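Examining the three-dimensional arrangement
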Amino acid sequence: MENLLEVKNLTTRFHTFDGIVHALNGVTFHVGKGEILAVVGESGSGKSVAMMSILGLLPSPPATIDAGSAKLFTKDTAVDLLTLSKAEMNRVRGRQIGFIFQDALSALNPVMTVGSQISETLVRHLDFSWGRARTRTIELMNQVGIPGAAQRLNQYPHQFSGGMRQRVMIALAAACRPRLLIADEPTTALDVTVQAQILELVLRLQREMDLSLIWITHDLGVVAGLADRVLVMYAGRPVETAPVDTLYDHPLHPYTRGLLRAVPSLDRDTKAPLESIEGLPPDLLSPPCHCQFAWRCPCVFDRCWQDNPPYLEVAPGHIVTCFYDLDNGRPH
Amino acid sequence: MQRYFISRVIQSLLVLAGVLMMVFFMMHLTGDPAGLMASRNASPEEIARLRDQMGLNRPMTIQFFEFAIDVLSGDFGNSTRYHQPAMDLILERLPATVELASISLFISMIIGIPLGLLGGSNPNSMVDYLARGAGLFGQTVPNFWLALILILVFGLHLGWFPTFGRETWRFMGLTLPTRSVFLPACSLSLFTLGQLARFTRSAVMEVRSEDYILTARSKGLSVRRIYIQHILRNASIPLISIVGVQFGYLLSGSIYIETIFSWPGLGNLLADAIGNRDFALVQGIAFFSSFVVVILNLLTDMAYATADPRVRYGE
């Protein structure tokens, strides 16, 4: 599979009054054309920050991107998104890469009609007239399953239900047929039945428009039914990445294994306590120069306290950053 | 929208009824009008006769309703000093106050809003310090002090502007302001200017950090469109209420500024009326000012509903 986006060694820091927050410490991953990549990890692990860094959406100050590259492959050229000028970046945002935010109520402008919020992207990137943009907006709203689009076009975000608002957000992100859609926990703020509908909708659009999709989530259940590949983040660094089946059947990082164990199953003993990973993630204000997970790791040994583990490709497409070989129960 | 409008109108009417009651009873609390109106060496019998003539011996409620009916027909009684209906005097002075209020509101808007906008868009820059300084200066410096300084510098020293009175310029049947309004308007605009600069700055800073601005940026919109369509539109909503309230306050006339510059407006008239214990006139101006403020607040709320769809459709 050809790659659409290749991110290498992305390093982002926040310069705050308390000191420098090492939010991303050398993040490397890629997304193939038409592929669905799920990014999982707990809050503060750098999932959203990584995506916002790529699109230059972090406020600066306090954020700086200190190292790395993010190559976007278009027809025959590759551009490094991190070196683009503001004007060039504005041609990528919304046009090449669409962003779906978590909470559509706060992510939509409360004093603009939803129609004009979708249309302005079309006018901006595809040089549509406002009239033509309006027609296309109605089509888009129909496509994402908003009934009565021609009337609802003139309504405001607060007049929509949570699920419908998220559909507007999706129509907006996909308006210009971008090549990559980044969805930042788009179902977290919704109730479960609506979550499933939104999930199906995004998958349908992904197939119809032949998009690549990055889906950021906490929910490992969603990941299993959705993704081609999974990237597990911890403390600003990927700890494991693998095709979805491999990851679930054969996780190789103690953190991934802990996460999967922590998902409660329906047939578990209801009297037994819920599984969890002991301890807390490290303070990114003063990150250690050894493995970030060492404190909480059940397999920790002396090497883990000395170095940061490198990316290790244990099988094709299965990369893990760990010194310990879980398969053989001994260090690599 | 219609229901909102009707309920706001009813609220305003209730406020006006309350004002009417306060104006009436407060006048009665300050003493016996007959005693004040009668000549200095009038005998008690004469005062009693006067009180009877003025209907002051009847029950308070009846007096109040009579007063209310008169007010509704625009009659506040005659001024004891000018021997003219109070309403006529008010209407005569109104244009001068409207002129001063509009021009000083205009000055504070064209300086205060851009200053706050620039400051809020570039926090901790030079222009931001200027905006914050202007906000602080405008709200802490008393305007009568500034008025005296302006008179000293621009009136006496440089001689660019007249320091008292109002001159107008008649052109095609319109009465237009001349430079005589400049110094009083500048002094009067100071407070509103500072307030607008401060509120615009904080509104812009708040809106800039909203999620929907991040969405707008993620759509690849130009900086100009983000500012005009997304930031300014949202930041202007809280400003509407400040402009409305401030205009109401300016329209009821500034006693200090109008007195310092001998500006023939309502504030000057009120100062005069209070000094002369001219009850009908004080009542008239007090009620008229409240009326203007209530109407402007009503209009402000209407404007608010137009600018913010969440108010328009909210139940």
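Parameters at a glance
Residues numbered from 1 in each chain as written. Chains lettered and ligands numbered in written order. Predicted model: local features only at pLDDT ≥ 70, side-chain atom pairs only at ≥ 80, totals over all residues. Helix = DSSP H or I, 4+ residues; strand = E, 2+ residues; numbered from the N terminus. Rg over C-alpha atoms; globule rule 2.2 N^0.38 Å. Buried ≥ 20, exposed ≤ 12 C-beta atoms within 10 Å, placed from the backbone. Contact = placed C-beta atoms within 7 Å. Pairing = 2+ DSSP bridges. Axes fitted to C-alpha atoms, helices over the stretch in contact; angles between N-to-C directions. Domains from an automatic or database assignment. Expected span 1.5 Å × (residues − 1). Arc of directions from axis to C-beta. Core = buried A, V, L, I, M, F, W, Y, C linked by C-beta atoms within 7 Å. pLDDT = per-residue confidence, 0-100. Parallel < 35°, antiparallel > 145°, perpendicular 65-115°, else oblique. Left-handed = near helix turned anticlockwise from the far one by under 90°. Nonpolar A, V, L, I, M, F, W, Y, C, P; charged D, E, K, R; others polar.

1. Considerations on the overall build of chain A
- When you go through chain A residue by residue, the secondary structure sums to eleven helices and 14 strands.
- For a compact globule of 332 residues, the expected C-alpha radius of gyration is about 20 Å, and chain A comes in at 21 Å, within 12% of that figure.
- The buried share among the 332 residues of chain A stands at 43%.
- Summarising the internal contacts of chain A: among those between residues at least 6 apart in sequence, 62% fall at separations of at least 24.

2. Observations regarding the overall build of chain B
- Of regular secondary structure, chain B possesses 14 helices and two strands.
- Across its three principal axes, chain B shows a C-alpha extent of roughly 85 × 60 × 40 Å.
- Each of the 315 residues in chain B was classed as buried or not, and the buried ones make up 35%.
- In chain B, the share of contacts with a sequence separation of at least 24, taken over all contacts with a separation of at least 6, comes to 70%.

3. Focus: the sheet that holds strand E2 (residues 19–32) of chain A
All names here are of chain A.
- If you trace the four strands from one edge of the open sheet to the other, you get E2-E1-E4-E5, paired in antiparallel fashion. Strand pairing shows two members of the sheet lacking a second neighbour, E2 and strand E5 (78–80), which therefore form its edges. Sheet twist, expressed as the mean angle between neighbouring strand axes with direction ignored, is 5 degrees.
- Direction of pairing for strand E1 (residues 3–16) relative to E2: antiparallel, over a ladder of eleven bridges. When the sheet's bridge partners are listed, Thr11 is paired in E2 with Asn25.

4. Digging into the domain arrangement of chain B
- Domain boundaries assigned for chain B yield domain 1 (31–73) and domain 2 (86–307).
- Placing the centre of domain 1 of chain B and that of domain 2 of chain B at their C-alpha centroids yields a distance of 40 Å.

5. Here's the deal with helix H6 (residues 126–140) of chain B
All names here are of chain B.
- Given a rise of 1.5 Å per residue, 15 residues ought to cover 21 Å, and the 21 Å separating the end C-alpha atoms of H6 matches this to within 8%.
- Among all positions in H6, only Ala131, Ala134, Gly135 and Gly138 are buried. The buried side chains of H6 occupy one side of the element, clustering within an arc of 100 degrees when seen end-on. Exposed and oriented more than 90 degrees from the buried face of H6 are Met126, Tyr129 and Thr140.
- On its buried face, H6 sits against helix H5 (86–121) and helix H8 (182–208).

6. Re unusual backbone geometry
All names here are of chain A.
- Residues Ser60 and Pro61 are joined by a peptide bond in cis, for which omega reads -5 degrees.
- Here Pro61 lies in the loop between helix H1 (47–54) and strand E4 (63–73).
- Omega for the bond connecting Pro61 with Pro62 falls within 30 degrees of zero, at 15 degrees, which places this linkage in the cis form.
- In this structure, Pro62 sits in the loop between H1 and E4.

7. Examining the pairing of strand E9 (residues 229–234) of chain A
All names here are of chain A.
- Burial analysis of E9 places six of its six residues in the buried class, which makes it a mostly covered element.
- Here E9 shows a buried face lined by Arg229, Leu231 and Met233 and a second buried face lined by Val230, Val232 and Tyr234.
- Taken together, the four bridges between strand E3 (residues 36–40) and E9 define a ladder with parallel strand orientation. Among the inter-strand pairings, Val39 is bridged to a residue of E9, identified as Leu231.
- Sheet topology places E9 next to strand E10 (residues 237–243); six bridges connect them, and they run antiparallel. Note on E10: the bridge partner recorded for Tyr234 is Arg237.
- Between E9 and E10, which pair antiparallel in sequence order, lie two residues; one of them, Ala235, sits at a positive phi of approximately 50 degrees.

8. Brief notes about the interface of chain B and chain A
- Tallying the contact residues gives 18 residues for chain B and 24 residues for chain A.
- Residue contributions to the side of chain B that touches chain A peak at six residues, all from helix H9 (residues 211–218) of chain B.

9. Topic: the nonpolar core
- The biggest cluster of nonpolar side chains holds 94 residues, and the ones touching the most others in it are Ala38, Met169, Ala171 and Ile214 of chain A.
- Setting aside chain neighbours within four positions, we find Ala38 of chain A in contact with Trp215, Thr217, Val223, Leu226, Ala227 and Val230 of chain A.
- Ranked by size, the runner-up nonpolar core spans 59 residues in total, among them Leu146, Val204, Ala235 and Leu269 of chain B.

10. So, the sheet that holds E3 of chain A
Residues and elements named next belong to chain A.
- Taking strand neighbours across the sheet as the criterion, the eight strands line up as E6-E7-E8-E3-E9-E10-E12-E11 in an open arrangement whose pairing is mixed. Sheet topology places strand E6 (97–100) and strand E11 (312–315) at the edges, where each strand pairs with a single neighbour. On average, adjacent strands in this sheet sit at an angle of 20 degrees to one another, irrespective of strand direction.

11. Some words on the confidence of the model for chain B
Residue and element names in this part refer to chain B.
- Looking at chain B, pLDDT values average 84 and 96% of them are 70 or higher.
- Per-element confidence in chain B is highest for H9, whose mean pLDDT is 93, and lowest for helix H2 (residues 33–37), whose mean pLDDT is 69.
- If you check the scores for this complex, the pTM reads 0.79 and the ipTM reads 0.87.

12. Focus: the environment of Asn25 of chain A
Residue and element names in this part refer to chain A.
- Within the secondary structure layout, Asn25 lies in strand E2.
- According to the C-beta neighbour criterion, Asn25 is partly exposed, with 19 such atoms within 10 Å.
- Considering only alpha carbons, one finds Asn25 and Ala235, 210 residues apart in sequence, at a separation of 8.2 Å.
- For Asn25, the residues in contact, after removing those within four places along its chain, are Thr11, Gly236, Arg237 and Pro287.

13. Looking at the packing of helix H4 (residues 114–126) of chain A against helix H7 (residues 162–174) of chain A
All names here are of chain A.
- Remark: H4 packs on H7, axes separated minimally by 8 Å, with the N-to-C direction vectors making an angle of 20 degrees. In this view, H4 runs roughly parallel relative to H7, as classed from their interaxial angle. For the crossing formed where H4 meets H7, the hand is right-handed. In contact with Val114, Gln117, Ile118 and Thr121 of H4, H7 contributes Val168, Ala171 and Leu172.
- Looking at the contact of H4 with H7 residue by residue, the class counts come to five nonpolar, two polar and no charged.

14. Some words on helix H8 (residues 192–209) of chain A
Residue and element names in this part refer to chain A.
- A rise of 1.5 Å per residue sets the reference length of H8, with its 18 residues, at 26 Å; its end C-alpha atoms lie 26 Å apart and thus fit the reference within 8%.
- What H8 keeps buried is the set Ile198, Val202, Leu205 and Gln206. For H8, the arc enclosing every buried residue in end-on projection is 100 degrees, short of the 170-degree limit, so these residues lie on one face. More than 90 degrees from the buried face of H8, the exposed residues found are Val192, Thr193, Glu200, Arg207 and Glu208.
- On its buried side, H8 packs onto E3, H7, strand E7 (180–184) and strand E8 (212–217).

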